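# Descriptive structure summary
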Amino acid sequence: MDSNSPTLLLCSSPYQLKDEREKKKALVFDTSLLLKQPSLPTQFIWPHGDLVTTQEELNEPLVDLEGFFRGDMAATTTAAEFIRAACLSHGFFQVTNHGIDLGLVRAAHDHMDAFFKLPITKKLSARRKPGSVCGYSGAHADRYSSKLPWKETFSFGYHGDGHGHVVVDYFKSVLGGDFEETGWVYEKYCEAMKRLSLAVMELLAISLGVERSHYRKFFEDGSSIMRCNYYPPCHEPGLTLGTGPHCDPTSLTILHQDEVGGLQVFANNKWQGIRPLPNALVINIGDTFMALSNGRYKSCLHRAVVSRERARRSLAYFVCPKEDKVVRPPPPLDVAPRNYPDFTWSDLLRFTQTHYRADVTTLQTFFRSHLSLSTTSPSPHHPTPNN
Ligand SMILES: C=C1C[C@]23C[C@H]1CC[C@H]2[C@]1(C)CCC[C@@](C)(C(=O)O)[C@H]1[C@@H]3C(=O)O
Ligand SMILES: O=C(O)CCC(=O)C(=O)O
Ligand SMILES: [Fe+2]
């Protein structure tokens, strides 16, 4: 696609385009168009340093939650110890016997498939508005002009405060009544994810020597972000990334990936693949929980590579505290040195949605940009791939 080739104007942010000439250059992440292109548009090409390949797999123990849910103290201690070892190192672990109905997971994947197969004009009718994390995005082409991720996403918020059904209402409002059933599938999925996330918060507290209910109470009235990721097959998978190297700025991520594989974690100073386990859920620590642990636990550095032959899908549930709550480590972790100043999730979220593309150093950059916050010098959380 040469730089002036007219493309059907489906750019998700036409108002950002100044004139007809600009509009003709608007990049469209419409895979039916892009997959016919002889070469990858330059906007999707990532720096070599981010494209280092790996054949390694991270063989972390699976954390079996069955005994913990049964109230077995020995099994709870074992689970907390596995979680502690993983979170002191790279911030990533997988759980089995998590209690999430696998039929519900299947339904969520099926409805995600149906959504991403919609005509691009329909998807763009639900496009993300500037400053919001919710809605449809094609390669984030409305937000960035280089290092575009080879993916489509659809994101929405969840509160689970027992008042109304925000997910059902969102799907009906942005996609119409035909999507009410899809809304219910994701409403139930998010309810299940919230229950699991609060259980994991108990295990994290136990593993950190924090009062067992502290984090559960901190997140009980939180709002969360649900994101469906769709990674189309790519002719030149070695030149682009589905999701670039980053730490989630959120607190905890619970992710289900399909059987294709592509999620990689930067651990033991190298990229390592995460073998898909259909009955397991991937859980990783985000920047906000790293701060809640005063830096004891590491925000997980990860990325997603894409495949030449197969589309890949993942469902990511991002746990967040109520937006105005002050993020501060609890006793006994709140001792000097404080590695991070107090902040609120609403400020950090706004920073990632309006000023800064979340990457490997989001938190440090956030504190530097909020000088009033940087009363302490944040410690580097772990070596980055390019160091
Ligand atoms: C608060 C969020 C911003 C992102 C979605 C959630 C948690 C993960 C963030 C993200 C995936 C990190 C990599 C860059 C990003 C722009 C992306 O590739 O989607 C991030 C998300 C976002 O800002 O939309
Ligand atoms: O799709 C994946 O496996 C990872 C996606 C991810 O890291 C994210 O959406 O934050
Ligand atoms: Fe992520």
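In what follows, the structure referred to is the one given above.
Everything in this summary refers to the structure shown in the same document. Here the structure is a predicted model, which is why all the values come from computation and not from measurement.

The rules behind these values
- Residues numbered from 1 in each chain as written.
- Chains lettered and ligands numbered in written order.
- Predicted model: local features only at pLDDT ≥ 70, side-chain atom pairs only at ≥ 80, totals over all residues.
- Heavy atoms only, no water.
- Salt bridge = Lys/Arg side-chain N within 4 Å of Asp/Glu carboxyl O.
- Buried < 20%, exposed > 50% of the residue type's maximum accessible area, 1.4 Å probe, protein only.
- Helix = DSSP H or I, 4+ residues; strand = E, 2+ residues; numbered from the N terminus.
- Pairing = 2+ DSSP bridges.

This part covers the pattern of salt bridges. Inspection of the entire model under this criterion finds 19 salt bridges. Between Asp72 and Arg70 there is a salt bridge whose closest N-O contact spans 3.8 Å. With a relative accessible area of 27%, Asp72 lands in the partly exposed category. As a salt-bridge pair, Asp347 and Arg350 come within 3.0 Å of each other at their nearest N and O atoms. Of this pair, Asp347 and Arg350 both sit in helix α11 (residues 345-355), 3 residues apart, which is roughly one turn of that helix. A residue is classified by how much of its surface remains accessible, and Asp347, at 26% relative accessible area, is partly exposed. Of the residues examined, Arg350 reaches a relative accessible area of 45% and is grouped as partly exposed.

This part is about the pairing of strand β5 (residues 224-231). Extensive coverage of β5 is indicated by the burial of 8 of its 8 residues. Burial along β5 is two-sided: Ser224, Met226, Cys228 and Tyr230 and Ile225, Arg227, Asn229 and Tyr231, pointing in opposite directions, are all buried. In terms of strand pairing, strand β4 (residues 152-158) meets β5 through 7 bridges, oriented antiparallel. Residue pairing across strands places Tyr158 opposite Ser224, the latter belonging to β5. Two elements, β5 and strand β12 (residues 312-319), share 8 bridges in a ladder whose sense is antiparallel. For Tyr230, the partnering residue across the bridge sits in β12 and is Arg313.

Nothing here speaks to function; it is all geometry.
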